[in-house]
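Descriptive structure summary
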Amino acid sequence: MSTAAGSALRAGALLALLGVAACEAPLRLEAVEANRAEPVKRYDTLQAAAANADKLVVVSSAGAALVSSDDGESWRRDALPGAPSLIDVTACADGEVFALDSERRVWALADDGTWQSEKLPTAESTLSIHCAPGGRLWVTAGFATLLHRPVAGGTWTEDSLGDDLQFTRVKFVDDEHGFAVGEFGTVVSSSDGGDSWDYLPPIPNDFYPMAADFLDRQTGWVGGLDGVIWETTDGGQQWTRHETGSATPVYRIEASDAGVVAVGGAGKYYEYVGGSWVKPANAPDVLAYFRAVELLGPGRILLAGAGGAMALLDRSMPARPNAKRELASE
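This is a predicted model, so every value here is computed, not measured.

Considering the environment of T122
Structurally, the position occupied by T122 is in the loop between β8 (115–119) and β9 (126–131). Each C-alpha atom of the pair T122 and T145 lies 8.9 Å from the other, and the pair is 23 residues apart in sequence. With near-sequence residues (within four places) excluded, T122 lies in contact with R104, L147 and E158. Here the side chain of T122 touches E158 through a polar contact of 2.8 Å, side chain to side chain.

And the structure:
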């Protein structure tokens, strides 16, 4: 090839590149940067929510906690050191907030907004955390293990009932009375603040409880993988089976004076009304599962789950069209 011919080819290639560049739209990064600044991300799996008078907190398995001081109207995103996979959160009545990760660590939200971790003294897998009214912080774990320490700090006590099962939830309804539920329909209760536990009749059919909450010493609900929710009205002596109308799992139940609600797979959101579980007319129509729910008084509810799905619902108004991902960004 002659020098003149080579020069012509190079010139043609350059003109072609310039032509392509001239046809392309200019890159605009403002929207990308704005998305990065949003508190909730599309890669978040929001696992649990908890609230007290000061804060509303939602935890993500992507190593972050979302914190609101105005009942969910605005949020900040706290990226925890090491990006731990957070699986549960609890808020104490006097202001403390604690999260649990999958590596047997408890994270405490300090007054300055930072999160401090401590390792739990157990080799068992941990599953849930609960701040009890009596001033103890509780963690459930495998091999029928319950751990506790004072909320104000101190040494952890590890108690195992000796059975090869996982306790999935623990809940104290007052200073002295509490329940823990676990594999094979296991239910235990305490009437001395957790110093001792007694076995109650099991929930039928070797039930595995994914979700549980108790309203008082007599009344509680437990949900599982098959969409069924069991109810007790006599302190766990007997259990009544309720269908939810969907076989998708129940991942969380929340019971308070404001009502009783359940969330789970495929956008499951049900309220307990008149002895039945019903799907409200304003339930978000989503495919993503919900793992977190928090009743914010009688009129509002927070739902959160996979894919950064988060919704703040007015329980007296129709659901907004964008409720399935109000805050999610990238």
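Quick look at the sheet that holds strand β1 (residues 46–51)
The four strands are arranged β1-β2-β3-β4 in an open sheet whose pairing can be described as antiparallel. Either end of the sheet is taken by a strand with one partner, and the two such strands are β1 and β4 (76–79). Looking at each pair of strands side by side, their axes are set apart by 20° on average, direction ignored. Note that strand β3 (residues 64–68) and β4 share four bridges and pair antiparallel.

Quick look at the nonpolar core
V57, V59, V89, V97, A99 and W115 are the most contacted members of the largest nonpolar core, which totals 15 residues. Those elements that place two or more of their residues in this core are β1, β2 (56–60), β3, β5 (86–91), β6 (97–101) and β7 (105–109). Ranked by residue count, the leading element in this core is β5, at three residues. Once residues within four sequence positions are removed from consideration, W115 is found in contact with V57, A65, V67, D78, L80, V97, A99, W107, A108 and L109. With 14 residues, the next largest nonpolar core counts L100, I129, L137 and A141 among its residues.

What counts, and where the lines are drawn
- Residues numbered from 1 in each chain as written.
- Predicted model: local features only at pLDDT ≥ 70, side-chain atom pairs only at ≥ 80, totals over all residues.
- Heavy atoms only, no water.
- Helix = DSSP H or I, 4+ residues; strand = E, 2+ residues; numbered from the N terminus.
- Contact = heavy atoms within 4.5 Å.
- Polar contact = N/O pair within 3.5 Å; in protein donor to acceptor, adjacent residues only side chain to side chain.
- Pairing = 2+ DSSP bridges.
- Axes fitted to C-alpha atoms, helices over the stretch in contact; angles between N-to-C directions.
- Core = buried A, V, L, I, M, F, W, Y, C linked by side-chain atoms within 4.5 Å.
- Buried < 20%, exposed > 50% of the residue type's maximum accessible area, 1.4 Å probe, protein only.

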